[in-house]
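Survey of secondary and tertiary structure
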Amino acid sequence: MTLLNRDPKAPDAWYGELPVINRYTYGLAGEKFFRTLKDEGRILGTYCPHCDRTYVPAAIFCERCLAKLNDWVDVGTIGEIHTFTLLYVNLDGSPREKPEIIAFVRFGDGGLIHRLGKIHPDQVDIGMKVQAVFTPKNERIGSILDIDYFKPV
Ligand SMILES: [Zn+2]
């Protein structure tokens, strides 16, 4: 069934609550990745010399050859827009005043999914260079949101 066959009277969403609490550990690579993001405002990847691949965010094992990765690389703060989408509604289903732009920003052979700022949706292009804008250092918490947004270079 495609969206074209969707019943126009069907609800847009079902609302409810699930009593689920999650707690994820960062793991070895995530610990260093997020600590460096928080403390130094740098984005780290890990490099697999066997496969010539740079993982971003950093991984502790190569997903192709399973080698343990020890080569940490600073990939800089400028990435390239690989793809993007526009969000017109909030999580609660309410309409947004203006769309939020969410992009996959490529670094190395991986990348980060994050919001774009300081740009109109009509100006976004695949391949465009964007730079991470970090939150003030004293407000960082060791999360991907320590990057506030990406802006055009
Ligand atoms: Zn590998």
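Look up a bit, the structure's there.
Residues numbered from 1 in each chain as written. Predicted model: local features only at pLDDT ≥ 70, side-chain atom pairs only at ≥ 80, totals over all residues. Heavy atoms only, no water.

**Structural notes on the coordination of the zinc ion**
The test is simple: Here the term donor refers to an N, O or S atom within 2.8 Å of the metal (or 3.2 Å for Na, K and Ca), and because water is left out of the atoms, sites may appear incomplete. Only two sets of limits are used to name each site, 85 to 135 degrees for every angle of a tetrahedral four-donor site, and over 155 degrees for opposite donors with all other angles from 65 to 115 for a square planar four-donor or octahedral six-donor site, with any other site named irregular. Strands are runs of DSSP state E lasting at least 2 residues, helices are runs of H or I lasting at least 4, and numbering of each runs from the N terminus.
For the zinc ion, the full set of protein donor atoms is Cys 48 (SG), Cys 51 (SG), Cys 62 (SG) and Cys 65 (SG), at a range of 2.3 to 2.4 Å. For the zinc ion, the 4 donor atoms in the first shell make angles of 103 to 116° at the metal, so the coordination geometry reads as tetrahedral. When the donor residues of the zinc ion are listed from N- to C-terminus, their spacing reads C-x2-C-x10-C-x2-C. A residue pair is termed long-range when its members are at least 10 positions apart, and Cys 48 in strand β1 (residues 44-48) and Cys 65 in the loop between β2 (53-55) and β3 (71-74) qualify at 17 residues.

**Description of the packing of aromatic side chains**
Short version of the rule: Centre distance within 6.5 Å is the pairing criterion for rings of Phe, Tyr and Trp, where only the six-membered ring of Trp is used; planes under 30 degrees apart are then read as stacked, over 60 as edge-to-face, and the remainder as tilted. Only protein chains enter the accessibility calculation, which uses a 1.4 Å probe. A residue is then buried if its area is under 20% of the maximum for its type, exposed if over 50%, and partly exposed in between.
Considering all chains together, one arrives at 3 aromatic pairs under this definition. With centroids separated by 4.9 Å and ring planes inclined at 40°, the aromatic side chains of Tyr 26 and Phe 34 adopt a geometry described as tilted. Judged by relative accessible area, Phe 34 falls into the buried class, the value being 19%. Taken together, a centroid distance of 6.1 Å and an interplanar angle of 50° make the contact between Phe 107 and Phe 150 tilted. Of the two residues, Phe 107 sits in strand β5 (residues 95-107) while Phe 150 sits in strand β8 (residues 147-152), which places them 43 residues apart along the sequence. Exposure class is identical for Phe 107 and Phe 150. Each is buried. One aromatic cluster in this structure is built from Tyr 26, Phe 33 and Phe 34.

**Some words on the environment of Leu 87**
Turning to its location among the elements, Leu 87 is positioned in strand β4 (residues 78-89). With relative accessibility at 33%, the residue Leu 87 sits in the partly exposed group. In this structure, the C-alpha to C-alpha distance between Leu 87 and Ile 101, residues 14 residues apart in sequence, is 6.4 Å.

**Some remarks on the nonpolar core**
We count it as follows: As used here, the term nonpolar core means buried Ala, Val, Leu, Ile, Met, Phe, Trp, Tyr and Cys residues forming a set that is joined through side-chain atoms within 4.5 Å. The contact definition used throughout considers only heavy atoms, calling two residues in contact when any of these lie within 4.5 Å.
Counting residues in each nonpolar core, the largest one holds 22 residues, and the members touching the most others are Phe 33, Ile 43, Leu 112, Leu 116, Ile 147 and Phe 150. Contributing elements (two or more residues each) for this core: α1 (27-40), β5, β6 (110-116), β7 (129-134) and β8. Setting aside its immediate chain neighbours within four residues, Ile 147 contacts Leu 37, Ile 43, Leu 112, His 114, Ala 132, Val 133 and Phe 134.

**Digging into the layout of surface pockets**
Heads up, the condition is: Grid points spaced at 1 Å over the protein atoms alone were grouped into cavities, where a 1.4 Å probe fits but cannot get out, and pockets, open sets with protein on both sides within 12 Å along at least five of seven lines, with lining residues defined by an atom within 4 Å of a point. Grid points are joined across faces, edges and corners, and a volume is the space filled by probe spheres set on the points.
The computed volume of the largest pocket comes to approximately 210 Å³. In terms of lining, the largest pocket is formed by Arg 96, Lys 98, Pro 99, Glu 100, Ile 101, Arg 115, Leu 116, Gly 117, Lys 118, Ile 119, His 120 and Pro 121. For the lining of the largest pocket, the elements supplying multiple residues, two or more each, are β5 and β6. At 5 residues, the largest contribution of residues to the lining of the largest pocket is made by β5.

**Notes on α1**
Stated formally: Multiply 1.5 Å by the residue count of a helix minus one, and that product is the helix's expected span. The directions from the helix axis to the C-beta atoms form the arc being described.
For α1, built from 14 residues, the straight-helix expectation of 20 Å at 1.5 Å per residue is met to within 8% by its first-to-last C-alpha distance of 19 Å. Residues of α1 that are buried: Ala 29, Gly 30, Phe 33, Phe 34, Thr 36 and Leu 37. Projected onto a plane normal to the axis of α1, the buried residues spread over an arc of 155° and lie on a single side. Once α1 ends, the next one or two residues include Gly 41, with phi positive near 60°.

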